[in-house]
Amino acid sequence: MSEVQIEQTGLRSRMVGGLRPEHEGEMLVLAGWVHRRRDLGGLLFVDLRDRSGLVQVSFGPDWTDGASMDRAHGIGHEDVIRVEGVVAARPDGARNDDMATGGVELRVKTLEILSNARTPEIPVYQAPEDELPSEELRLQHRVLDLRRAELQEKLILRHKLVLAARNYLDRNGFVEVETPILTKATPEGARDYLVPSRVHKGEFYALPQSPQIYKQVLMVAGFDRYFQIARCFRDEDLRADRQPEFTQIDVEASFVEVDDVLGWMEGLIAALAEVSAVDAPIPFPRLSWKESMERFGSDRPDLRYELEIEDWTKATADLDFGVIRSQVEAGGRVRGFRLEGGGRLSRREIDGIEKAAKAAGAPGLLWGKRSEEGASGPLGKFMSDEQADRIGLHVGDLVLVSAGKDSLTSPTLSAVRDAVIDALELPRVREHAWLWVTDFPVFDEEDGVLAASHHPFVMPHPDDIADLEVDPASVRGTAYDMVYNGTEFGSGSIRIHEPELQRRILRVLGLGEEEIETKFGFLLDALSAGAPPHGGIALGMDRIVQRFTDSPSLRDTVAFPKTTAARALFEGAPTPPGESALDELGLQLKAPDPQERGEPEA
């Protein structure tokens, strides 16, 4: 950890992490936790820890008073102590070059034990080769887990990133406005957390999935540029990169076009990257949603790797293979990857890649290898040398193919791409790959049912508005996502500022007039008061910290996270309410279905 510069307090002279040989001879008072102790009988050495780092403090009969020496032999791990003594240089043979403070120690004159700690349930000190306790155990004893330098450094970085974001947005004329936490349920793609009202029995607030509508209303109110470090809540299934409550950098501005928002956000990321030593050269490249899906099968491709999908529909038109022929006749395409030198993969390794395809919803994966004797494999055996040449399958190569509608083959090939990158250990062409994906469709369509691709407030592309009712699935939106190394950092769009156009979008989504008024009446009323063109974005703060610190889970970047079962193990939440609380709220609990009691692991 780096030295933290804070003023002297009544119980200590300074924090420990910045002690260096130039401080030799100074009389100091230090305080912190007992990190490690080595009792040699006549001498006792303790690594004293605070947020800034570690320093060795030593106890010896030649410099420590007798009462303090007796107390020193009784201190234990994680006790909180206060020591007064003189900074001394450690002898050459006793220096510790692995510690920033390893050239000095504090020779303790007096010791005061401020607090005794029980035997820690999990170790705070970890040698590099030690394996961490299970995550569930660490979450149960989060107060101890948070003492680890690794987690403290991540949370301190988070603080610095938030501060940098605030400073950058302030410099660019944005005003921070807090929006309500207790609000009204609005459909934004996930389930709401509901909060019962004691005053208005039978009625519920919702915790915000985002401040979306409020920030649009603020634009109508004339604030022009808004931001908020916003807490948001979504009651949905969890995973490593998702929590039920999360923080986002929420931004909105008036009289803007797409380029304005993207330019500001690139500047913001450059400011954050400077804090965390991540490379973020601007401007970021851009791909339309259609092109991204065509080339990578995903709207958040990892561009650290150059592997791209190829379309072999025409090249395989004369292939006498019923699987491919039937899919093409049904309106599908033949797409896949050609892997130069991929022929070295074993059947077992190819089966592993096929498993990823099946997990993405495909019935299987076609493949073919080519050797000096010709092509082989479930697909290759149907190929002549001429047909293999046509798709670029050369000796030593491997092709992986998915045939069908794009809605099936794109997610399949995206999963295959990830599996291939791992299997072949493909080299990275860059370490930090930034991307804007633009022109998302306004609607997603599945089994004839339309849903908003981002949310129902995205301004359609001007050229496509005429097709809203006749061909809604083809309508492009002025929506954009920021992607970093295959992770979506944030989504945004230019918003609809015309109330009648907003009504049209809601009608296309299947809402009736009464439902529109009930759910969105206050937004439509605000837009009717004279709304400027406006747009914005929300960047996920948790994900930014996770990726900038290369953490395997969001839980490593949040002080008190939930498990994937949405439980807070440290404080033991959620819990059933007492009868008196239910009576006050006018509520009764329904007994849970025994079949719904199963929960995923932490």
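As the structure is a prediction and not an experimental result, all values here were calculated from the model.

To continue, consider the overall build of the chain. The helix and strand tally for the chain stands at 16 helices and 22 strands. Long-range pairs, those at least 24 residues apart, make up 68% of the contacts in the chain with a sequence separation of at least 6. Carbon and sulfur atoms provide 49% of the accessible area of the chain, an area that totals close to 29,400 Å². Counting 70 positive and 104 negative side-chain charges, the chain places the centres of these two groups 2 Å from one another.

On to the environment of leucine 54. Structurally, leucine 54 is set in strand β3 (residues 53-59). Sequence spacing of leucine 54 and alanine 415 is 361 residues, and the spatial spacing of their C-alpha atoms is 44 Å. Those residues in contact with leucine 54, other than ones at most four positions away along the chain, are Val16, His35, Leu48, Arg49, Met99 and Thr101.

This part is about the packing of helix α5 (residues 212-220) against helix α14 (residues 513-527). Interaxial distance between α5 and α14 falls to 9 Å at its minimum, and their mutual angle equals 20 degrees. Between α5 and α14, the crossing angle belongs to the class labelled roughly parallel. Of the two possible hands of crossing, α5 and α14 adopt the one that is left-handed. Counting all contacts with α5, which are made through Ile213, Gln216, Val217 and Val220, the residues of α14 involved are Phe520, Phe522, Leu523, Ala526 and Leu527. Each residue belonging to the contact of α5 with α14 can be placed in one class, and the counts come to eight nonpolar, one polar and no charged.

Here eight strands make up an open sheet; going across it, the order is β6-β9-β10-β22-β21-β20-β17-β11 and the pairing mixed. Edge strands, defined here as strands with exactly one partner in the open sheet, are β6 (175-176) and β11 (286-288). Pairing of strand β20 (residues 479-484) with strand β21 (residues 487-494), which is carried by six bridges, proceeds in the antiparallel orientation. Opposite aspartate 481, over in β21, you have serine 491 as the bridge partner. Across the sheet, α5 touches β9 (225-233), β10 (245-254) and β22 (534-540), and the angle it forms with β10 is around 25 degrees.

So, about unusual backbone geometry. Here the bond from isoleucine 282 into proline 283 is cis, since omega is 5 degrees, no more than 30 degrees from zero. When you line up the elements, proline 283 lands in the loop between α6 (258-276) and β11. Following alanine 573, the chain continues into proline 574 via a peptide bond in cis, with omega recorded as 0 degrees. At glutamate 425, a residue that is not glycine, the phi angle is positive and equals roughly 50 degrees. Relative to the helices and strands, glutamate 425 resides in the loop between α12 (406-424) and β17 (434-438). A residue is classified by how much of its surface remains accessible, and glutamate 425, at 67% relative accessible area, is exposed.

What follows deals with the packing of helix α4 (residues 149-171) against helix α15 (residues 541-548). Close contact between α4 and α15 brings their axes to 10 Å; oriented N to C, the two are set at 125 degrees. By the criterion of interaxial angle, the relationship of α4 to α15 is oblique. The handedness of the crossing between α4 and α15 comes out as right-handed. Counted together, Lys154, Arg158, Leu161 and Val162 of α4 and Met541, Asp542, Ile544, Val545 and Phe548 of α15 form the full contact between these two elements.

Basis of the calculations
Residues numbered from 1 in each chain as written. Predicted model: local features only at pLDDT ≥ 70, side-chain atom pairs only at ≥ 80, totals over all residues. Heavy atoms only, no water. Helix = DSSP H or I, 4+ residues; strand = E, 2+ residues; numbered from the N terminus. Contact = heavy atoms within 4.5 Å. Areas by Shrake-Rupley, 256 points an atom, 1.4 Å probe, with all protein chains shown as cover. Lys, Arg positive; Asp, Glu negative; His and termini not counted. Charge placed at Lys NZ, Arg CZ, Asp CG, Glu CD. Axes fitted to C-alpha atoms, helices over the stretch in contact; angles between N-to-C directions. Parallel < 35°, antiparallel > 145°, perpendicular 65-115°, else oblique. Left-handed = near helix turned anticlockwise from the far one by under 90°. Nonpolar A, V, L, I, M, F, W, Y, C, P; charged D, E, K, R; others polar. Pairing = 2+ DSSP bridges. Buried < 20%, exposed > 50% of the residue type's maximum accessible area, 1.4 Å probe, protein only.

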